[in-house]
Amino acid sequence: RAVMEHPEAHPEEYERMLRVDTVYPLDIMENKGRLLLLDGLHRLMKQYMRGDTKVSVRIIPRDRISEIKRIP
């Protein structure tokens with residue numbers, strides 16, 4: 001929230017958020033009755049800043065967490 005409210009104080013993170021491609025879904029999982037964002041914070045921030053009211057998500061089952069890999 002600090003990056004969105006004060007981008008001048010966080011220029012690197014703000015620029016990173018502006019550069020992300022929102023075509024990819026957010027990765028989420030259910031944890032103790034709540035949804036937990038696993039990957040996609042910068043995409044979510046960009047979509048929020050644009051005023052998007054819907055986002056694409058990929059629900060990751062807990063037993064498949066180990067299969068998530070970061071692409072360099």
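Just so we're clear, the structure is a prediction, and the values are computed from it rather than from any experiment.

Undergrad: Lay out the pattern of salt bridges with the relevant residues and their values.
TA: Tallying each qualifying case throughout the model produces 4 salt bridges. In this structure, the salt-bridge partner of Asp-52 is Arg-50, at a minimum N-O distance of 2.7 Å. Given the relative accessible area of 32%, Asp-52 is considered partly exposed.

Undergrad: Explain the sheet that holds strand β2 (residues 34-39) to me, and be specific about the residues and the numbers.
TA: Pairing is mixed in the open sheet, where 3 strands are placed in the order β2-β1-β3. In the strand order of this sheet, the two ends are held by β2 and β3 (57-59), each with one partner. In this sheet, adjacent strand axes meet at a mean angle of 40° when their direction is disregarded. Of the strands in this sheet, β1 (26-31) and β2 touch helix α3 (residues 41-50), which is tilted by about 110° from β2.

Undergrad: I'd like a rundown of the nonpolar core, residues and numbers included.
TA: Membership of the largest hydrophobic core is limited to 5 residues, which are Val-3, Met-4, Tyr-14, Met-17 and Met-45. Of all the elements in the fold, those that place two or more residues in this core are α1 (2-5) and α2 (11-19). In this view, Tyr-14 contacts Val-3, Pro-7 and Met-49; residues no more than four positions away in its chain are not counted.

Undergrad: Summarise the environment of Leu-41; cite the residues concerned and give the values.
TA: Secondary-structure assignment places Leu-41 in helix α3. For Leu-41, a relative accessible area of 48% corresponds to the partly exposed category. In this structure the C-alpha to C-alpha distance between Leu-41 and Val-55, which are 14 residues apart in sequence, comes to 12 Å.

Undergrad: So, the side chain of Arg-43: which residues are in play, and what are the values?
TA: With respect to the helices and strands, the residue Arg-43 is situated in helix α3. Within the local environment of Arg-43, its side chain forms a polar contact with the backbone oxygen of Tyr-24, the two atoms lying 3.4 Å apart. Once you skip the residues sitting within four places of it in the chain, Arg-43 turns out to touch Val-20, Asp-21, Thr-22, Tyr-24, Pro-25 and Leu-26.

Undergrad: Residues and numbers for the packing of α2 against α3, please.
TA: Between α2 and α3, the shortest axis-to-axis distance is 8 Å and the interhelical angle comes to 80°. Put simply, α2 runs roughly perpendicular to α3. Where α2 abuts α3, its residues Glu-13, Tyr-14, Arg-16, Met-17, Leu-18 and Arg-19 lie against His-42, Met-45, Lys-46 and Met-49. Per-class residue counts for the contact of α2 with α3 are 5 nonpolar, 1 polar and 4 charged.

Thresholds, definitions, all that
Residues numbered from 1 in each chain as written. Predicted model: local features only at pLDDT ≥ 70, side-chain atom pairs only at ≥ 80, totals over all residues. Heavy atoms only, no water. Salt bridge = Lys/Arg side-chain N within 4 Å of Asp/Glu carboxyl O. Buried < 20%, exposed > 50% of the residue type's maximum accessible area, 1.4 Å probe, protein only. Pairing = 2+ DSSP bridges. Helix = DSSP H or I, 4+ residues; strand = E, 2+ residues; numbered from the N terminus. Axes fitted to C-alpha atoms, helices over the stretch in contact; angles between N-to-C directions. Contact = heavy atoms within 4.5 Å. Core = buried A, V, L, I, M, F, W, Y, C linked by side-chain atoms within 4.5 Å. Polar contact = N/O pair within 3.5 Å; in protein donor to acceptor, adjacent residues only side chain to side chain. Parallel < 35°, antiparallel > 145°, perpendicular 65-115°, else oblique. Nonpolar A, V, L, I, M, F, W, Y, C, P; charged D, E, K, R; others polar.

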